[in-house]
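Coordinate inspection notes
Residue strings, one per chain:
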Amino acid sequence: FMRRQHGADAVSMRDVRRVKILYEWFLEHKLPSSRFLQPMRRETACIILALGHCYRCRLRSADLRQEYDEAIASELGGVIMSATMIQRCIREEQDGYLKEMKLPPGIALNHALRENVYVLLVCIVTKIPVFLVGEPGSSKSLSIVLLSSNMRGKDSESKFFRRLPEVKITAFQGSES
């Protein structure tokens, strides 16, 4: 699917390693499944999350993401697995991280914020390099601030975040504002 959309260079052997690292991390750190995902095996959810983190997040449009979800659903069982189940699996994981965070009042939990926090958090803890690119106002800076204030290692308020390393943000090549 990725090669059809972006050419042969869109997928590499590094991606295989990345998916393996992500799968193992999600298997160990995945938040408890919601009622919706109870019928889905934990391993299947972790595969969906790892593949989605590695490939789906690269896709810019909702239409391409829908096509990706349908392709993955087909590979994972078609009739028993649907694109909607894949989308809910990813969305519930994203929401789960935000529910574990202490958020300032008035923060809109929009799609951009959910995805940015999800991608950054997982890349930070798995030490996978990431470029966070987006238009002004797409919650990039807010995502960094939220992670910095919640990922305090053993001093974190959340039990989930206490298991993760402390993050210290260092700004360079630009101002903090």
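Residues numbered from 1 in each chain as written. Predicted model: local features only at pLDDT ≥ 70, side-chain atom pairs only at ≥ 80, totals over all residues. Heavy atoms only, no water.

Taking 1.5 Å of rise per residue, 17 residues should cover 24 Å, and helix α2 (residues 13-29) covers 24 Å from first to last C-alpha, within 8% of that figure. Along α2, the residues that are buried comprise Asp15, Val19, Leu22, Trp25, Phe26 and His29. Around the axis of α2, the buried residues are gathered within 135 degrees of arc, so they sit on the same side. Residues of α2 that are exposed and angled more than 90 degrees away from the buried face: Met13, Arg17, Lys20 and Glu28. (Helix = DSSP H or I, 4+ residues; strand = E, 2+ residues; numbered from the N terminus. Expected span 1.5 Å × (residues − 1). Buried < 20%, exposed > 50% of the residue type's maximum accessible area, 1.4 Å probe, protein only. Arc of directions from axis to C-beta.)

Of all hydrophobic cores here, the largest spans 45 residues; its most connected members are Trp25, Phe26, Tyr97, Leu121, Val122, Met151 and Leu164. When residues of this core are traced back to their parent elements, those giving at least two are α2, α3 (42-54), α4 (62-75), α5 (83-100), α6 (111-126), α7 (140-150) and α8 (159-162). Among the elements that take part in this core, α6 stands out by supplying 9 residues, more than any other. Once residues lying within four places of it in the same chain are set aside, the contact partners of tyrosine 97 are Trp25, Phe26, Leu31, Tyr118, Leu121, Val122, Phe160 and Phe161. (Core = buried A, V, L, I, M, F, W, Y, C linked by side-chain atoms within 4.5 Å. Contact = heavy atoms within 4.5 Å.)

Mean pLDDT over the protein chain stands at 87; residues scoring 70 or higher make up 91%. Element-level pLDDT for the protein chain is lowest in helix α1 (residues 2-6), with a mean of 81, against a maximum mean of 94 in α6. (pLDDT = per-residue confidence, 0-100.)

Phi angles above zero are rare outside glycine, and lysine 127 is one such case at about 60 degrees. Within the fold, lysine 127 resides in the loop between α6 and α7. You can call lysine 127 exposed: its relative accessible area is 74%. Even without glycine at this site, serine 139 takes up a positive phi of about 70 degrees. Mapped onto the elements, serine 139 comes out in the loop between α6 and α7.

By secondary structure assignment, the location of glutamate 24 is in helix α2. Judged by relative accessible area, which is 42%, glutamate 24 ranks as partly exposed. As a C-alpha pair, glutamate 24 and serine 148 span 124 residues in sequence and 24 Å in three-dimensional space. One polar contact links glutamate 24 to lysine 20, side chain to side chain, over a distance of 2.9 Å. (Polar contact = N/O pair within 3.5 Å; in protein donor to acceptor, adjacent residues only side chain to side chain.)

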